[in-house]
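Coordinates in review
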Amino acid sequence: MSTLTEAFIGRIELFKDLNLEECQLLQEKAEARSFEPGELIFAEHSPRKYLFLLEHGEVELFKTTPQGEETRLSFFRERDFLGEGALMDDYPHSTSARALLDTRAFRISREAFFSMFEEHPAMAMKILSRVARVVSRRMRQASTRVLNVGAQYVSGRTRSEHDLLGDREVPHEFYYGVQTLRALENFNISGVPLAVYPVLVQALTQVKLAAARANADLGLLSRPVADAIEQACQEIIGGKLHSHFVVDMIQGGAGTSTNMNANEVIANRALEILGYEKGQYEFCHPNNHVNLSQSTNDAYPTALKLALMESNESLVKVLSRLTASFREKADQFAKVLKMGRTQLQDAVPMTLGQSFAAWATTLEEEVERLEQNAALFLEVNLGGTAIGTGINADPAYGPKVMEHLREISGLEVCQAPDLVEATQDTGSFVMYSSALKRLAVKLSKVCNDLRLLSSGPRTGINEINLPAMQPGSSIMPGKVNPVIPEVVNQIAYKVIGNDLTVALAAEAGQLELNVMEPVIAQSLFESIEMLKNGMTTLQQRCVEGITANEEVCQQQVQRSIGVVTALVPRLGYDICSRLAREALEQDRGVYELVLEQELLSKEELDHLLDPERMV
C-alpha cells in the first residue's frame, strides 16, 4: 500500500505552505484508496465527506441532467485534488466523480481534518485559506466561461505568448493561447462558449485530425508532430479539454477566433505529448502545424456541417420518442368518442385517439424533412482554404483530407464541385433552419391544441387532463396551469426567431465569404438544443401522463348539433339546417327532434348515428 509522501504533499496546491512537521501530521490523517475504471468516487447529492488527492490515474467530473443524460465538466489527473468543499461544509455534492483509469488517491475525511483544528489550529487555517482561494478561482473561471466550477485551478504561473499585436501573459494551466485570450476580451457577447456544444468542439477537432493525417501523408508534417497532434485530437474527441474552448459562440472575424481556439488547444496539448511546455510553439505551432493547409474559411464551415449532422441525429431520436408517445396515447384513446371542431365550433364526431394519431403523424413527417435538409451538409468546402482557390494547400491535399474526414467522421462527406461558390454559400444552413422552424410551428400548434382540450376544468373544453406539474397561481388556490405546453410554445417562438436570424445572416454574405456564419451557428445549435429539451420535457412530463375525461367527451357528443351532419345524405342539407337551428333554439338534442318529427325510424337513426360509422 503506498503512503502519502512529503514530496507528493509539496506538489499539491492546497499544501504548499506546510512545513515538515505539518506534512507529517497530514500523512497520519490520509487514507489510500484505489478505484477501478468506471467506479464512482463520489456521487451527486451525496454528503461531502472527503478531500481526494490523486496519486495517479484519471477522474472525470460530471453532472446528470433531469433527463438522465450525463454532462462532462472536467478531468483530473496526477497531483490534482477534488472534493475540497468537504473541508468547509457537509453540503451534498453538486456533481459526481468517476475513475476513468485505474486510479489511486489519498483521502482525508472531514472528521480527521477538523480534529486538526484542536491539535494544530494554525495548520488547519493555512489549509482552509488555500481552499478558499482555490474555490474563489474556480468560481471566477465559471463566471468567465471556462465552463464550470470543476475546471482546473489557476496556480498563478503564466507563460508569455506573442501575436501580431504584441506580447501577452497567458495563465500556465490554460491550453488556449494569446489569440483566444484576445477573443475572450473582445467577444463577451452571449455568455455561451464553444464548450457548451461539445458536438461542435468534437467536429472542429475531427477536421484538424483529418488535416494532420493528410499533411503527414504528403510529407508536410513530420511524423512525431503529426502523431502528437493526432493524440491530442483523439483526446478532445473523447471529451477531454473541452473546458478550454472558451470563445463566445457569437464573434466577429467569420469564425477565426473559434478556429484559433482549436488550433491553440491542440498545439499546446501536442507540445505536452512531445515533452515540451505549453507555448513552445517552435516545436508545434497553432498556425504552422495544426492549421497547415487550412483556412478558417474552409475548416470552420466544414466543422459546423459535421456538428449539425451529428446534432440532427440526436434531435431526430428525441422527436421519434415524442411521436411514439403520441401513438401510444392514440391507441389508448381509440374508443373515446368526442366532437371534432373547426374554427372552434362543433363540427363532426371523431375519437380522441384520432386527435392524438394526427399529432403523431404531423410530427413524424418532420423526421424526413430534417434528414433531407441535413443531408445538404455532406457537401463541404474543405481544401478550398481562404476563398476556394486552394491557396497554400498542396494540390493533392483536397482528396486526401476528404478521405480521412470520411473515415474519422463516419459520414459520406464530399468536396463541393465549385469550392469558390461553396466558400461563400450558406444555403444549406438556410434550408436546415427552415426545417427546424417547420417542426417548431407544428409543435406549437400541437401544444395549443393540448391547452385548449385541457381547458377548464369547469368552464372549458375539459376533454383531457394534463399531468399537474406545479401550483398555477400565487393568488388563486387550486389553479393548475398547462406549464409544459406553454414552455414548448415559447421554445417554438425562439426557434422561429432564430430562423429569421439565419436568413438575414445568410443574405448578408459579401463577395467571396459570408462573415456572419458564427451567428448562424449559434442560432442553429440553440434551436436544436431547445427543441431537444422541449420535446423531451413534453414527452416525459406531459404526453405520457395525459388522461381522458370520457364522460365529458360523451356528453358533448350527445348534446352537440354537429351530429346532424351525419343525416345530410338521407334528409338533405335544408332539413338538417332546420333541425340544427331548432335544436339550438330549443336547447334540445337532434336525436329527439328527428324522432318527434318522424323524419326517420329509430332503427334508421341509430344506424346513421352509430359512432363507429361516423368516425
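A short tour of the structure in this document, coming up. Predicted model only: the values in this text are computed from it and were never measured.

What follows deals with the side chain of Lys 338. Looking at where Lys 338 falls in the secondary structure, it is placed in strand β11 (residues 337-342). Owing to a relative accessible area of 3%, Lys 338 belongs among the buried residues under this scheme. Only 2.9 Å separates the side chain of Lys 338 from the side chain of Glu 463, close enough to count as a polar contact. Setting aside anything within four residues of it in sequence, one finds Lys 338 in contact with Pro 349, Met 350, Thr 351, Leu 352, Ser 355, Leu 453, Glu 463, Cys 553 and Val 557.

Attention shifts here to the sheet that holds strand β3 (residues 50-56). The strand order across the open sheet built from four strands is β1-β8-β3-β6, with neighbouring strands paired in antiparallel fashion. Taken across any chain shown, the strands that pair with only one partner, and hence form the sheet edges, are β1 (31-35) and β6 (81-82). Summarising the sheet, β3 and β6 pair through two bridges and their orientation is antiparallel. The partner of Leu 53 across the bridge, within β6, is Phe 81.

Here we take up the packing of helix α7 (residues 223-237) against helix α8 (residues 256-274). The geometry of α7 relative to α8 is characterised by a closest axis approach of 8 Å and an angle of 115 degrees between their N-to-C directions. The two elements α7 and α8 meet at a crossing, and its hand is right-handed. Touching Pro 224, Val 225, Ala 228, Ile 229, Gln 231, Ala 232, Cys 233, Glu 235 and Ile 236 of α7 are Val 265, Ile 266, Arg 269, Ala 270, Ile 273 and Leu 274, all from α8.

With that settled, consider the packing of aromatic side chains. Applying the stated rule across the entire model yields 12 aromatic pairs. Measuring from ring centre to ring centre gives 4.9 Å for Phe 174 and Tyr 176, while their planes differ by 35 degrees; the resulting arrangement is tilted. Of the two residues examined, Phe 174 and Tyr 176, each falls in the buried class. Ring centres of Phe 326 and Phe 356 lie 6.1 Å apart, and the angle between their planes is 45 degrees; this geometry places the pair in the tilted category. Here Phe 326 is found in helix α10 (residues 296-332), whereas its partner Phe 356 is found in helix α11 (residues 352-374), with 30 residues between them in sequence. Pair check on accessibility: Phe 326 and Phe 356 agree, each one buried. Here the aromatic residues Phe 35, Phe 42, Tyr 50 and Phe 52 are joined through ring pairs into a cluster of three or more.

A few words on a negative patch on the surface. Taken together, the side chains of Glu 379, Asp 418, Glu 421 and Asp 425 define an acidic patch exposed on the protein surface. Position of Asp 418 among the secondary structure elements: in the loop between β14 (414-415) and α13 (419-424). Judged by relative accessible area, which is 42%, Asp 418 ranks as partly exposed.

As summarised here, the arrangement of the four strands in space is β2-β7-β4-β5, forming an open sheet in which the pairing is antiparallel. Strands with a single pairing partner mark the edges of an open sheet, and in this sheet they are β2 (40-42) and β5 (70-76). Each strand of the sheet is rotated relative to its neighbour by a mean of 35 degrees, with strand direction disregarded. Alignment of strand β4 (residues 59-64) against β5, held across six bridges, turns out to be antiparallel. Counted as the bridge partner of Val 59 is Phe 76 from β5.

Okay, the side chain of His 93 next. Note that His 93 resides in the loop between β6 and β7 (96-99). Sequence-distant contacts of His 93, that is, excluding residues within four places in its chain, are made with Phe 42, Ala 43, Glu 44, His 45, Ser 46, Pro 47, Arg 48 and Lys 49.

With respect to the helices and strands, Phe 42 occurs in strand β2. Taking relative accessible area as the criterion, Phe 42 reaches 9% and is therefore assigned buried. Sequence spacing of Phe 42 and Cys 23 is 19 residues, and the spatial spacing of their C-alpha atoms is 26 Å. Not counting chain neighbours up to four residues away, the residues in contact with Phe 42 comprise Phe 52, Leu 61, Leu 82, His 93, Thr 95, Ser 96 and Ala 97.

So, on to the nonpolar core. With 116 residues, the main nonpolar core has Ile 229, Phe 525 and Leu 538 as its most contacted residues. Broken down by element, this core gets its largest block of residues, 15 residues, from α10. When sequence neighbours within four positions are dropped, the list of residues in contact with Ile 229 reads Ala 212, Leu 221, Ile 266, Ala 270, Cys 284, His 289 and Val 290.

Between Gly 456 and the following residue, Pro 457, the backbone shows a cis peptide bond with an omega angle of 5 degrees. If you trace the backbone, Pro 457 turns up in the loop between α14 (427-453) and β15 (464-465). The phi angle at Leu 241 is positive, at roughly 65 degrees, despite the residue not being glycine. Position of Leu 241 among the secondary structure elements: in the loop between α7 and α8. The exposure class assigned to Leu 241 is buried, which follows from its relative accessible area of 8%. In the Ramachandran plot, Asp 587 falls in the positive-phi region, its phi being about 50 degrees despite a non-glycine side chain. Assignment of secondary structure puts Asp 587 in the loop between α19 (573-586) and α20 (590-596). Take Asp 587: its relative accessible area is 55%, and that puts it in the exposed class.

The next point concerns the pattern of salt bridges. Side-chain pairs of opposite charge can arise whenever the charged atoms involved come near each other. The final tally for this structure, using the stated rule, is 35 salt bridges. Between Lys 494 and Glu 526 there is a salt bridge, with its nearest N and O atoms 2.9 Å apart. Residue Lys 494 is found in helix α15 (residues 483-507), and its partner Glu 526 is found in helix α16 (residues 517-541); the two are separated by 32 residues along the sequence. A relative accessible area of 18% places Glu 526 in the buried class. The partner of Glu 592 in a salt bridge is Arg 588, and the shortest N-O contact between them spans 3.4 Å. Residue class for Glu 592 comes out partly exposed when judged on its relative accessible area of 38%. The class for Arg 588 is partly exposed, based on a relative accessible area of 24%. Because the salt bridges share partners, they merge into one network encompassing Glu 60, Glu 70, Arg 72 and Arg 98.

The rules behind each value
Residues numbered from 1 in each chain as written. Predicted model: local features only at pLDDT ≥ 70, side-chain atom pairs only at ≥ 80, totals over all residues. Heavy atoms only, no water. Helix = DSSP H or I, 4+ residues; strand = E, 2+ residues; numbered from the N terminus. Buried < 20%, exposed > 50% of the residue type's maximum accessible area, 1.4 Å probe, protein only. Polar contact = N/O pair within 3.5 Å; in protein donor to acceptor, adjacent residues only side chain to side chain. Contact = heavy atoms within 4.5 Å. Pairing = 2+ DSSP bridges. Axes fitted to C-alpha atoms, helices over the stretch in contact; angles between N-to-C directions. Left-handed = near helix turned anticlockwise from the far one by under 90°. Phe/Tyr/Trp six-rings, centres within 6.5 Å; stacked < 30°, edge-to-face > 60°. Patch = residues over 30% accessible without salt bridge, like charges linked within 9 Å, V, L, I, M, F, W, Y side chains within 5 Å. Areas by Shrake-Rupley, 256 points an atom, 1.4 Å probe, with all protein chains shown as cover. Salt bridge = Lys/Arg side-chain N within 4 Å of Asp/Glu carboxyl O. Lys, Arg positive; Asp, Glu negative; His and termini not counted. Charge placed at Lys NZ, Arg CZ, Asp CG, Glu CD. Core = buried A, V, L, I, M, F, W, Y, C linked by side-chain atoms within 4.5 Å.

In short, the description is geometric, and any link to function would need to be established separately.
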